[in-house]
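Breakdown of the fold
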Amino acid sequence: MMPSKEDEYKYMVCTRCVTYNHDCYIRETMEGFVMQRTSFPVVHVIADDASTDNTVKVIREFLDDNFDLNEESVAYEKETDFAFVIFARHKTNRNCFFVVMLLKENHYSQKKPKRPYFSEWTAQAKYHAVCEGDDYWTDPQKLQIQVDFLESHPEYSMCFHAVEDVSPDGSKRLDSRYQKDMELCPIDDFFKVGGGYAPTCSLLYRGSLFEPKPTFFNKTRVSDSPLILTMFLRGKVSFFSRIMGCYRVNVPGSWSQRQKHLGFRQIIEKFKAGRAYWEEVDKYTQGVYSKQIRQRKRHSWLSLGKLLCQFTLNRFAVIKEHHDK
């Protein structure tokens, strides 16, 4: 009898984590990884995008303190064309493995994708999770709960959960898409809010359903909206009201902060790219969701107005600052 594809998976879950200048946050992220108590092996792949602060130092210290780096263990360190790579197993949580990729060049500034570097590891896992280097998990049962659900519901492609939004001052606010558990989430709810539908640190999805990527992936640099939409199109989606993670908002250098300081040309390019993305979604889905997509396009005009207002306010602030001097 031939082994099934599931028998070939080395890990049940692979976590993708990209970090850049997160020296104040990355330790909490890694602690959230190693706290997971699972009945299956998990590999957490951390890619540092050539940080200029102490992020790399924090990561290396965490590895030294918590992982088995002896030559007689499974651990290894190697250099590739694009990164220095470290692989190791946790000293006490034997189902926890880390892959750390210290990229030699900053890929974000060069608009170079980092996702291909994860493929070696995501191909070895049945389910994929996401957690950026400034977010973190708070519930040691998070992965076990989500995997158990998807294992017992093969028709489901993804599940996600409630989180708390954490502000720079440390205050927290509940971020819950629904007030109670939703075993079957309606796709219309996704179209109402787009990529903001679910915090990335709450997602767990079937890796086998991610490929081949839909054509609309090529129309945007963001990954949350096309990922979530792909899972809606290829299966059912469920939500847990249990709070199992934290999502940082308004962190310096984060996406939300960068949006507040876009230049005029960047704002227009963002607007055009957004409309092109939704047009490609409409084409890919053969007009099934044309009504919902028209609503998203109308929303893009509102977003354009907000960004232009923010741009104008920023310009006035600069002018006032020079005048005051």
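Residues numbered from 1 in each chain as written. Predicted model: local features only at pLDDT ≥ 70, side-chain atom pairs only at ≥ 80, totals over all residues. Heavy atoms only, no water.

1. Here we look at the overall build of the protein chain
Let me state the cut-off plainly: Runs of E in the DSSP output that reach at least two residues are strands. Runs of H or I that reach at least four are helices, and both are numbered from the N terminus. Only protein chains enter the accessibility calculation, which uses a 1.4 Å probe; a residue is then buried when its area is under 20% of its type maximum, exposed when over 50%, and partly exposed in between. Residue contacts follow a heavy-atom distance rule, with two residues in contact if any of their heavy atoms lie within 4.5 Å. Calculation of accessible area relied on Shrake-Rupley with a 1.4 Å probe; when residues are assessed, cover is drawn exclusively from the protein chains displayed.
A count of helical and extended segments in the protein chain gives ten helices and twelve strands. Here the protein chain holds 325 residues, and 46% of them are scored as buried. In the protein chain, the proportion of contacts linking residues at least 24 apart, taken out of those at least 6 apart, comes to 75%. About 17,000 Å² of surface is accessible on the protein chain, with carbon and sulfur atoms providing 52% of the total.

2. Brief notes about the packing of helix H2 (residues 26-34) against helix H3 (residues 55-66)
Here is the rule we go by: Interaxial angle, 0 to 180 degrees, is taken between N-to-C directions of lines fitted to C-alpha atoms, where a helix line uses only the stretch in contact. Note that the term roughly parallel is reserved for angles under 35 degrees, roughly antiparallel for angles over 145, roughly perpendicular for angles of 65 to 115, and oblique for everything else. Definitions for this section: a left-handed crossing has its near helix turned counterclockwise from the far helix by less than a right angle. A right-handed crossing has that turn clockwise. Residues are sorted three ways: Asp, Glu, Lys and Arg are charged, Ala, Val, Leu, Ile, Met, Phe, Trp, Tyr, Cys and Pro are nonpolar, and all the rest, Gly among them, are polar.
Axis separation between H2 and H3 bottoms out at 9 Å; the angle between their running directions is 30°. With respect to H3, the element H2 is oriented roughly parallel. Read as a crossing pair, H2 and H3 show a hand that is right-handed. Seen from H2, the contacting residues are Ile26, Arg27, Met30, Glu31 and Val34; seen from H3, they are Thr55, Val58, Ile59, Glu61 and Phe62. A per-class count over the contact of H2 with H3 returns six nonpolar, one polar and three charged.

3. Here's the deal with empty space enclosed by the protein
Heads up, the rule is: A 1.4 Å probe that fits into a set of points on a 1 Å grid over the protein atoms alone but cannot get out defines a cavity; an open set with protein on both sides within 12 Å along at least five of seven lines defines a pocket, and lining residues are those with an atom within 4 Å of a point. Grid points are joined across faces, edges and corners, and a volume is the space filled by probe spheres set on the points.
As enumerated under the stated definition, the model contains one cavity of 30 Å³ or more in all. Of the pockets and cavities examined, the largest cavity occupies roughly 30 Å³. Along the walls of the largest cavity sit Phe33, Gln36, Thr38, Val42, His44, Asn93, Asn95 and Cys96, which together make up its complete lining. Taken together, the residues of the lining of the largest cavity break down into three nonpolar, five polar and no charged.

4. Thoughts on helix H4 (residues 115-122)
The condition that has to hold: To be clear, the arc concerns the directions from the helix axis to the C-beta atoms.
Of all the positions in H4, only Tyr117, Phe118, Trp121 and Thr122 are classed as buried. Taken down its axis, H4 places every buried residue within 135° of arc, on the same side. Structurally, H4 contributes buried residues whose contacts are with strand S1 (11-19), strand S2 (42-48), strand S4 (76-79), strand S5 (83-90), strand S6 (96-103) and strand S7 (125-130).

5. Brief notes about the pairing of strand S12 (residues 236-248)
A regular strand places its side chains so that they alternate between the two faces of the sheet. Applied cut-off: In this analysis, strands are considered paired if DSSP registers two or more bridges between them.
Note that strand S8 (residues 136-137) and S12 share two bridges and pair antiparallel. Each bridged residue has a counterpart across the sheet, and for tryptophan 137 the counterpart in S12 is glycine 245. Direction of pairing for strand S9 (residues 156-166) relative to S12: parallel, over a ladder of nine bridges. Following the sheet pairing, histidine 161 is matched in S12 by phenylalanine 240.

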